[in-house]
Amino acid sequence: MHELSMTGRLMQLAISKAQEAGARRILCIHVVVGDSSGLVADYMSFYFEHLTKGTMAEEARLSFRTIPTKLQCRDCRIEYRPNGDRWECPGCGGLSVVRLQGGEALLESLEVE
Amino acid sequence: MRRIGVQEEILSENDRLAARNRQLLEKKGVFTINLMASPGAGKTSLIARSIERLKGELRLAVIEGDIASFIDADRLASMGVPAVQINTGGACHLEAQAVAQALSRLSLEGIDLLFIENVGNLVCPTSFDLGESSKVMVSSVSEGDDKPQKYPAMFQAVDVVILNKSDLLGICPFDRDPFLRSVRQLNLGVKIFELSCLTAAGIDAWIDWLREGVDEMVAIRRPPESGGCS
């Protein structure tokens, strides 16, 4: 839901890392997004096109690696993938759960020249 | 073409600014609440009730995050506390940078307790640390008892859950016990207050919790005096 501001942050971070490395332009930005991070890749791509205009990332591609959400029930100890947005444990139906992965929002790497 | 490995959180800059806010607020001894909820759950009413109870005893201030209007800030400022408005211009959450700017407009030395009222939303505000001392979420009886199932990440992110509009229990369809059980399952260390901002029932425990928070913040600010050796 907050893709505009996240994409803006991503751009700032990517450009500052590329400049630090003495790059002229950014060709590709590799992002890791957990599927329960609240971020929708399509929306980020949409904002990305607008935000990169006139910057060193103008022609860059935004590449996503999606991490599926994995939860663990503290009571049953089983690890599972949630059913959509429902986090209830398939074993006991409880919500005593820890998210092991799926909340990520990382800039992983850049391709530059 | 060459590849640069980064492996950095997209929100790392926000987190850095939030850490700076936190350091400043601790140095000035300001106990700061980041108040989150869906629209209409009672964030502003809770702040208004808290001001009513604590005005004269503690020095209070409010930072109001709103998408466009000044209605809430005006309401709280009319109660005689400093209120700074952040209009997010459509953004669905507050960020540390906007809070830093708002803090620069307040005399922090003269504040014991600061409420930051986040934008009404149960998803986005969870991702953005503001530098608060404590994250508090308001859920209300009229919203239904399935909020923990629908927004587990929010219920896991907070220190306190307030169940507001307790006067509507028995009127609105709301299964209290399963709601409380789900909240406790999601968040083992959570503190829960059931209250009604309308009738003020249950408000005392919340007010006491705020007082304790302020006392602890004062203790952080003033380290214990050294024991006799000079």
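What counts, and at which threshold
- Residues numbered from 1 in each chain as written.
- Chains lettered and ligands numbered in written order.
- Predicted model: local features only at pLDDT ≥ 70, side-chain atom pairs only at ≥ 80, totals over all residues.
- Heavy atoms only, no water.
- Helix = DSSP H or I, 4+ residues; strand = E, 2+ residues; numbered from the N terminus.
- Rg over C-alpha atoms; globule rule 2.2 N^0.38 Å.
- Buried < 20%, exposed > 50% of the residue type's maximum accessible area, 1.4 Å probe, protein only.
- Contact = heavy atoms within 4.5 Å.
- Lys, Arg positive; Asp, Glu negative; His and termini not counted.
- Salt bridge = Lys/Arg side-chain N within 4 Å of Asp/Glu carboxyl O.
- Polar contact = N/O pair within 3.5 Å; in protein donor to acceptor, adjacent residues only side chain to side chain.
- Axes fitted to C-alpha atoms, helices over the stretch in contact; angles between N-to-C directions.
- Parallel < 35°, antiparallel > 145°, perpendicular 65-115°, else oblique.
- Left-handed = near helix turned anticlockwise from the far one by under 90°.
- Nonpolar A, V, L, I, M, F, W, Y, C, P; charged D, E, K, R; others polar.
- pLDDT = per-residue confidence, 0-100.
- Buried area = accessible area lost by both parts, 1.4 Å probe.
- Phe/Tyr/Trp six-rings, centres within 6.5 Å; stacked < 30°, edge-to-face > 60°.
- Pairing = 2+ DSSP bridges.

When its secondary structure is counted, chain B shows eight helices and eight strands. Taken against the 2.2 N^0.38 rule, which gives 17 Å for 230 residues, the C-alpha radius of gyration of chain B at 19 Å falls within 12% of a compact globule. Taken along its principal axes, the extent of the C-alpha atoms in chain B is 65 × 60 × 40 Å. Residues classed as buried in chain B amount to 53% of the 230 residues present. Counted over contacts in chain B with a minimum sequence separation of 6, partners at least 24 positions apart contribute 74%.

Residues and elements named next belong to chain B. With respect to the helices and strands, the residue Lys147 is situated in helix H5 (residues 147-150). It turns out Lys147 is buried and unbridged, and the closest side chain with the opposite charge, Glu143, is 4.3 Å from it. In terms of polar contacts, Lys147 uses its side chain to reach the backbone carbonyl oxygen of Glu143, at 3.3 Å. Discounting chain neighbours no more than four positions away, the residues touching Lys147 are Leu122, Ser139 and Phe155.

Another aspect to go through is the packing of helix H1 (residues 12-28) of chain B against helix H4 (residues 96-103) of chain B. Residue and element names in this part refer to chain B. Contact geometry of H1 with H4 gives a least axis separation of 8 Å together with a crossing angle of 30 degrees. With respect to H4, the axis of H1 lies roughly parallel. For the pair H1 and H4, the crossing hand works out as left-handed. Contacts from Asn14, Leu17, Ala18, Asn21, Leu24 and Leu25 of H1 reach H4 at Ala96, Gln97, Val99, Ala100 and Leu103. Residue classes in the contact of H1 with H4 are distributed as eight nonpolar, three polar and no charged.

Mean pLDDT over chain B works out to 92, with 96% of the residues at or above the 70 mark. Across the assembled chains, the prediction reports ipTM 0.89 with pTM 0.91.

So, about the interface of chain B and chain A. Facing the 31 residues of chain B at the interface are 35 residues of chain A. Contact between chain B and chain A buries roughly 3000 Å² in total, counting both sides, with carbon and sulfur atoms accounting for 58%. Of all residues in chain B, Arg2, Ile4 and Ile10 of chain B give up the largest surface area on contact with chain A, accounting jointly for 23% of the area buried on that side. Our count for the contact surface shared by chain B and chain A stands at three salt bridges. For Glu8 of chain B, the salt bridge identified is with Lys17 of chain A, shortest N-O distance 3.0 Å.

This paragraph deals with unusual backbone geometry. Residue and element names in this part refer to chain B. Positive phi, close to 50 degrees, is recorded for Gln7, a residue that is not glycine. Tracing the chain through its elements places Gln7 in strand E1 (residues 2-9). Taking the relative accessible area as the measure of exposure, Gln7 reaches 52% and is therefore exposed. Of note in this structure, Lys165 is not a glycine but carries a positive phi near 65 degrees. Locating Lys165 in the fold gives a position in the loop between strand E7 (160-164) and helix H7 (176-186).

This part is about the packing of aromatic side chains. Aromatic ring pairs are reported here in terms of the distance separating the ring centres and the angle at which the planes meet. Residues and elements named next belong to chain B. A complete count under the given rule lists seven aromatic pairs over all chains for this structure. Consider the rings of Trp206 and Trp209, whose centres lie 5.5 Å apart with planes at 15 degrees: the pair is stacked. In this pair, Trp206 and Trp209 both sit in helix H8 (residues 203-221), three residues apart, roughly one turn of the helix. Each of the two residues, Trp206 as well as Trp209, counts as buried.

It is worth spelling out the sheet that holds E7 of chain B at this point. Residue and element names in this part refer to chain B. If you trace the seven strands from one edge of the open sheet to the other, you get E4-E3-E5-E2-E6-E7-E8, paired in parallel fashion. What marks the edges here is a single partner per strand, and that holds for strand E4 (83-87) and strand E8 (191-194). Put simply, the sheet's adjacent strands are angled 20 degrees from each other on average, direction ignored. As defined by bridge partners, E7 adjoins E8 across four bridges and the pair is classed as parallel. Across the sheet, the residue bridging to Val161 is Ile192, located in E8. Strands in contact with H4 are strand E3 (60-66), E4 and strand E5 (113-117); relative to E4, the strand with the most contacts, it is inclined by about 150 degrees.

Our focus in this paragraph is the packing of helix H1 (residues 3-20) of chain A against helix H2 (residues 41-51) of chain A. All names here are of chain A. H2 packs onto H1 with a crossing angle of 55 degrees between their chain directions and a minimal axis gap of 9 Å. As the angle between them shows, H1 and H2 are arranged oblique. Handedness of the H1/H2 crossing: right-handed. Contact with H1, carried on its side by Glu3, Leu4, Thr7, Gly8, Leu10 and Met11, involves Tyr43, Met44, Tyr47, Phe48 and Leu51 of H2 and no other residues of that element. Considering only residue class, the contact of H1 with H2 consists of eight nonpolar, two polar and one charged.

Glancing now at the pairing of strand E6 (residues 134-140) of chain B. Residues and elements named next belong to chain B. Counting buried positions along E6 gives seven out of seven residues, so the element sits mostly inside the fold. Burial along E6 is two-sided: the face carrying Ser134, Val136, Val138 and Ser140 and the face carrying Lys135, Met137 and Ser139 are both buried. Bridge count between strand E2 (residues 31-37) and E6: five bridges; the pairing is parallel. Residue pairing across strands places Ala37 opposite Val138, the latter belonging to E6.

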